[in-house]
Amino acid sequence: MDKKQFAEYVINEVRALPVTSVLSTRMELIERYGVAKGLCPFHNDTHIGSFVVTDKKGIWKCFACGAGGDSSKFVSLLEGSNYLESAFKIALEFNIISSEEY
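Thresholds applied
- Residues numbered from 1 in each chain as written.
- Predicted model: local features only at pLDDT ≥ 70, side-chain atom pairs only at ≥ 80, totals over all residues.
- Heavy atoms only, no water.
- Helix = DSSP H or I, 4+ residues; strand = E, 2+ residues; numbered from the N terminus.
- Rg over C-alpha atoms; globule rule 2.2 N^0.38 Å.
- Buried < 20%, exposed > 50% of the residue type's maximum accessible area, 1.4 Å probe, protein only.
- Contact = heavy atoms within 4.5 Å.
- Areas by Shrake-Rupley, 256 points an atom, 1.4 Å probe, with all protein chains shown as cover.
- Lys, Arg positive; Asp, Glu negative; His and termini not counted.
- Charge placed at Lys NZ, Arg CZ, Asp CG, Glu CD.
- Pairing = 2+ DSSP bridges.
- Axes fitted to C-alpha atoms, helices over the stretch in contact; angles between N-to-C directions.

## Re the overall build of the protein chain
Part 1 of the argument: Looking only at helices and strands, the protein chain features four helices and five strands.
Part 2 of the argument: Going from N to C terminus, the protein chain has its helices and strands arranged as α-α-β-β-β-β-β-α-α.
Part 3 of the argument: In summary, the protein chain has a C-alpha radius of gyration of 14 Å against a globular reference of 13 Å for 102 residues, a match within 12%.
Part 4 of the argument: Considering the protein chain as a whole, with its 102 residues, one finds that 35% of them fall into the buried category.
Part 5 of the argument: In the protein chain, the share of contacts with a sequence separation of at least 24, taken over all contacts with a separation of at least 6, comes to 40%.
Part 6 of the argument: Carbon and sulfur atoms make up 51% of the accessible area of the protein chain, which amounts to about 6200 Å² in all.
Part 7 of the argument: A gap of 9 Å separates the mean positions of the 11 positive and 13 negative side-chain charges of the protein chain.

## Structural notes on the sheet that holds strand β2 (residues 35–38)
Part 1 of the argument: Judged by pairing direction, the sheet is antiparallel, and its five strands sit side by side in the order β1-β2-β3-β4-β5 without closing on themselves. At either end of the open sheet lies a strand with only one pairing partner, and these are β1 (30–32) and β5 (68–69).
Part 2 of the argument: With respect to the sheet, helix α3 (residues 71–79) is in contact with β3 (51–54), β4 (59–62) and β5, its orientation differing from that of β4 by roughly 50°.

Structure representation (structure tokens):
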């Protein structure tokens, strides 16, 4: 497997993880009626409900500030890294790859 194939593999495996599992390691989520909600970390949010995480769709979205994406995008925005670095970081945390592969 070459580097590009390995990167695609990591991204696909990270996308297969429940988004709530990844985001809940970095923020508090409250699950109600099959949808997780929380305070958006990307603006001065004071109302739970505008930030929604949906495992079924594999995405998160803030309806107040407009930010949204998958779990790698969330980590990328939160930690100031690029998308691929974030995917690899999540893959390492969830034992998809080893520290040597990271």
